[in-house]
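So the chains spell out like this:
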Amino acid sequence: MPSSPMPNTTAARAAGALANAAARTDLPARSSTWVSLPPGATLQVESGRIRLAGGPAMCGQVLLASGLPHLLEAGQAWCVPSGGGAAWVQLTNAGPDRACVALADPPPAPARFAAWTSALAGLPARLAGWRQRARATATAGATS
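Residues numbered from 1 in each chain as written. Predicted model: local features only at pLDDT ≥ 70, side-chain atom pairs only at ≥ 80, totals over all residues. Heavy atoms only, no water.

1. Some details on a nonpolar patch on the surface
For step 1, the next point in the chain: On the surface, a nonpolar cluster with roughly 380 Å² of combined accessible area is contributed by L120, L123, L127 and W130.
For step 2, the next point in the chain: With respect to the helices and strands, the residue L123 is situated in helix α3 (residues 123–143). (Patch = residues over 30% accessible without salt bridge, like charges linked within 9 Å, V, L, I, M, F, W, Y side chains within 5 Å. Areas by Shrake-Rupley, 256 points an atom, 1.4 Å probe, with all protein chains shown as cover. Salt bridge = Lys/Arg side-chain N within 4 Å of Asp/Glu carboxyl O. Helix = DSSP H or I, 4+ residues; strand = E, 2+ residues; numbered from the N terminus.)

2. Observations regarding the nonpolar core
For step 1, the next point in the chain: Ranked by size, the top nonpolar core spans 17 residues in total, and within it L37, L43, I50, L52, W78, V89 and L91 carry the most contacts.
For step 2, the next point in the chain: Where this core is concerned, the elements lending two or more residues are β2 (32–37), β3 (42–47), β4 (49–54), β9 (87–93) and β10 (99–104). (Core = buried A, V, L, I, M, F, W, Y, C linked by side-chain atoms within 4.5 Å. Buried < 20%, exposed > 50% of the residue type's maximum accessible area, 1.4 Å probe, protein only.)

3. So, unusual backbone geometry
Glycine aside, residues mostly have negative phi, and peptide bonds are mostly found in the trans state.
For step 1, the next point in the chain: Positioned with a positive phi, R30 is a non-glycine residue whose angle comes to about 60°.
For step 2, the next point in the chain: With respect to the secondary-structure elements, R30 resides in the loop between β1 (21–27) and β2.
For step 3, the next point in the chain: Look at R30 and you get exposed, because its relative accessible area is 68%.

4. Concerning the pairing of β3
For step 1, the next point in the chain: The sheet contact formed by β3 and strand β8 (residues 77–79) spans three bridges and is antiparallel. When the bridges of β8 are listed, T42 appears paired with C79.
For step 2, the next point in the chain: The pairing of β3 with β10 spans five bridges and is classified as antiparallel. Counterpart to T42 in the pairing with β10 is A104. (Pairing = 2+ DSSP bridges.)

Set out below in structure tokens:
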């Protein structure tokens, strides 16, 4: 996980964020909350102003907000880098009125990777079966 997420306000990702929005969050004036976003997820500000801050993580828990806060206006979006892990982000309403934020799931993996994903999902069970057969063969060879 990056220790201080940087805002990425690309218009293309912001336009597609609402299409697969998983949740919308309203923040009252001067309130804040922490959210965990998976790699590739998009956070879009629909109304108001939101201040983003991240923090260093230890065992999946953020110890303290750090880094310079970044301000996003209505219509701007921030995308979690897809190369790392989940990002813990503190959302703070920086305006005098309510702010609305849409949290969108990452886009689905391309179809060509679906076969690899399903194959890798069954790999631990296959390895356990191979290990069990190898032990049975070794045990049978030692007794004869």
